[in-house]
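Observations on chain architecture
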Amino acid sequence: RVIAVTLQFSKMIANTAVNITAENERDVSKKALLAREFADVAPKLGPTFVKLGQTLASRPDIIGVAAASTLETLQDAAPPFDAKEAAKVIRDELGSADDQTIRESDALPAGLFTETHLPRTPIAAASFGQVYRLHRASDGVALAVKVQRPGALRRVALDVVLLRKSLRVVSKAAGTSTDFSYLADEVGRALYGELDYIAEAANSEKFAALHASCVPRPCVPAVVRDGYTTTRILTTRWVNGASPKELLATARDSGSDKARRDALQLVDLGVACSLAQLLDTKYMHGDPHSGNLLLAPAGANDQSAFAGMEHEANVVDEPRLVYLDFGSVVEVTPEHASAMLASLVHLHRNDWRAFAMDLGGMGLFKPGTDAEAVADAVAESFGGSSDNNNGEPVSPSFTAIAKGLAKVALKFRFRLPGYYVVVVRSLATLEGVALAADPNFKIVRAAYPRAIAQLLSASAGDPKGRELLE
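Here is what the cut-offs are and how they apply
Residues numbered from 1 in each chain as written. Predicted model: local features only at pLDDT ≥ 70, side-chain atom pairs only at ≥ 80, totals over all residues. Heavy atoms only, no water. Phe/Tyr/Trp six-rings, centres within 6.5 Å; stacked < 30°, edge-to-face > 60°. Helix = DSSP H or I, 4+ residues; strand = E, 2+ residues; numbered from the N terminus. Buried < 20%, exposed > 50% of the residue type's maximum accessible area, 1.4 Å probe, protein only. Axes fitted to C-alpha atoms, helices over the stretch in contact; angles between N-to-C directions. Parallel < 35°, antiparallel > 145°, perpendicular 65-115°, else oblique. Left-handed = near helix turned anticlockwise from the far one by under 90°. Contact = heavy atoms within 4.5 Å. Nonpolar A, V, L, I, M, F, W, Y, C, P; charged D, E, K, R; others polar. 1 Å grid on protein atoms, 1.4 Å probe; cavity = no way out; pocket = protein on both sides within 12 Å on 5 of 7 lines; lining within 4 Å. Points joined across faces, edges and corners; volume = space filled by probe spheres on them. Pairing = 2+ DSSP bridges. Core = buried A, V, L, I, M, F, W, Y, C linked by side-chain atoms within 4.5 Å. pLDDT = per-residue confidence, 0-100. Expected span 1.5 Å × (residues − 1). Arc of directions from axis to C-beta. Polar contact = N/O pair within 3.5 Å; in protein donor to acceptor, adjacent residues only side chain to side chain. Salt bridge = Lys/Arg side-chain N within 4 Å of Asp/Glu carboxyl O.

For the structure on display, the rule yields seven aromatic pairs. Ring centres 5.0 Å apart and planes at 55 degrees place the aromatic pair F207 and F326 in the tilted group. Here F207 is found in helix α9 (residues 197-210), whereas its partner F326 is found in the loop between β7 (320-323) and β8 (329-331), with 119 residues between them in sequence. Exposure remark for F326: the relative accessible area of 2% places this residue in the buried category.

Rendered as structure tokens:
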């Protein structure tokens, strides 16, 4: 493994060391090319390096906007591992002593599922696990069974050590005071969290409980414990729904107005649920990309399919946004949430100087950061937004805002808290889905009424909130 990583990664390490601190246009292009090379090599090196690419994609303050945009194409996906290996993991984790003696290697443990053998092809596959649709033997209820890739924990432990050493070399060769090996620790923490399915189940149930009173209510598939979930096997109820990709493909291929409206409905629910996580519960799904979202249409599922509703038998009679995969969650401080709320108001009003000051409250400034200089840079980047036919300022898209902020972050060496990365990724994902269905959609405009509603409900005891409402 050491030889494989060294052979494929050594040239990239050298190039990274030369170009990591590049600022001029020519060298920035080199960094973008390097990012493309990394995106090609990372899947061959395995999930740890894929996760590094995803981490760097959310850190334009380190590698620049062009390189970060390139790495956004790196998906956490992998070819599925063999069904015989997956079935053995299920037998080892869920089976009895008799099941351990089974010679027919794709056989499932007796008495748990209506199926006797594991399907050859999973419903979905990612770097660390893959999901199968099976049925509970006792009642025939459909289940989603996630099986961890054999040897995943050992591979991650070795790769994080190798990655740490490699990134330390990058730091020294680049002549920078920043020790980039901390990124290996960041990747390692994320990966170890994703490899503990008991912890993931607890995260999902806590998320469901905290958001039970939110309107609209974000939903989570109910965890099936009692002999079906372990550290390496996570079993939940199967939820019927469509991903953003599926909704947009239907709208594009069929020209269906309903599919387009469904995609926009998913976005509307996503905006509301994202703000509820940020402002109300301050407990956020840590990886809100489109593959972890489903729109469950009215009438498609019983309430018992969702966490917190397991004892209800009625059919869900309204569309619900469903979150999948809780290997990572992020908690937000009240101070950061308040500053983020103010920033949404100032973004909508194109008040760029006030927005720049909000960045400090959001925890992006390092000690000694010149707030006025940041405000000047933000105003210069966005203050020239064009006017519409009525002479009113036109706000840029959220993606354009995020990219502009990334350049400012790189210039002033901002720190990017975990919650900030999650919020930016969530809103950018939702806006991307919406723009495919409605080219005139603006995520900030969609979020503004909910931000004002939040201010109205909290302004009585909050002088800053009253000030924003004036």
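Between helix α10 (residues 244-254) and helix α11 (residues 257-281), the shortest axis-to-axis distance is 8 Å and the interhelical angle comes to 155 degrees. Here α10 lies roughly antiparallel to α11, going by the angle between them. Note on packing geometry: the crossing formed by α10 with α11 is left-handed. Contacts between α10 and α11 pair P244, L247, L248, T250 and A251 from the former with A259, R260, D262, A263 and L266 from the latter. The residue inventory of the contact of α10 with α11, partitioned by class, reads seven nonpolar, one polar and two charged.

Turning our eyes to something else, we now look at empty space enclosed by the protein. One pass over the structure, following the stated rule, counts six cavities of 30 Å³ or more. Taken as a whole, the second largest cavity holds about 120 Å³ of empty space. M340, L347, F398, Y420 and V424 are the residues nearest the centre of the second largest cavity, which is lined by 15 residues in total. Listed by contribution, the elements that provide at least two residues to the lining of the second largest cavity are α12 (334-348), α13 (352-361), α15 (398-412) and α16 (418-437). Along the lines of polarity and charge, the residues of the lining of the second largest cavity split into 14 nonpolar, one polar and no charged.

Turning next to the sheet that holds strand β2 (residues 129-135). Sheet strands associate in pairs through backbone hydrogen bonding, adopting either a parallel or an antiparallel arrangement. With antiparallel pairing, four strands are arranged side by side in an open sheet as β1-β2-β3-β4. Edge positions in the sheet fall to β1 (124-125) and β4 (233-237), since each of these pairs with one other strand and no more. As paired elements, strand β3 (residues 142-148) and β4 share five bridges and run antiparallel to each other. The residue bridging V145 from the neighbouring strand is T235, located in β4.

Time to look at the nonpolar core. Core analysis: the largest hydrophobic core is formed by 73 residues, its most contacted members being L359, V374, V378, F414, Y419, Y420 and I443. Membership of the second largest hydrophobic core comes to 27 residues, among which are L45, L71, L163 and L167.

Quick look at the environment of L71 now. Note on placement: L71 falls in helix α5 (residues 65-71). Residue classification places L71 among the buried residues on the basis of a relative accessible area of 3%. Between the alpha carbons of L71 and Q54 there is a distance of 6.7 Å; along the sequence they are 17 residues apart. With residues near it in sequence (within four places) discarded, L71 still touches A35, F38, A39, G53, L56, A57 and I63.

Residue P216 is reached from V215 by a cis peptide bond, and omega for that bond is -5 degrees. Residue position: P216 is located in the loop between α9 and β4. The backbone of D226 shows a phi angle near 45 degrees, a positive value even though the residue is not glycine. Relative to the helices and strands, D226 resides in the loop between α9 and β4. Taking the relative accessible area as the measure of exposure, D226 reaches 76% and is therefore exposed. Phi is positive for K282, which is not a glycine, with a value near 60 degrees. Tracing the backbone shows K282 in the loop between α11 and β5 (283-285).

This part covers the confidence of the model for the protein chain. Residues with a pLDDT of 70 or more make up 84% of the protein chain, whose mean pLDDT is 84. Below pLDDT 50 for its whole length, residues 385-389 participates in 10 contacts with residues either more than four positions away or in separate chains.

What follows is about helix α14 (residues 371-382). With 12 residues, α14 extends 16 Å from end C-alpha to end C-alpha; this agrees with the ideal 16 Å at 1.5 Å per step. Considered for burial, the residues of α14 that qualify are V374, A375, A377, V378 and F382. Buried residues of α14, seen end-on, are gathered within an arc of 165 degrees and therefore sit on one face of the element. Considering only its buried residues, α14 is in contact with α13 and α15. The N-cap residue of α14 is D370: its side-chain oxygen and the backbone nitrogen of E372 are 3.1 Å apart.

On inspection of all chains with the given rule, the structure shows 11 salt bridges. Of the charged contacts in the structure, one is a salt bridge between E93 and R232, with a shortest N-O distance of 3.1 Å. Taken together, the positions of E93 in helix α6 (residues 83-94) and R232 in the loop between α9 and β4 put the pair 139 residues apart, joining distant regions of the chain. Notably, a salt bridge pairs E205 with R225, separated by 2.7 Å at the nearest N-O pair. Residue E205 is found in helix α9, and its partner R225 is found in the loop between α9 and β4; the two are separated by 20 residues along the sequence.

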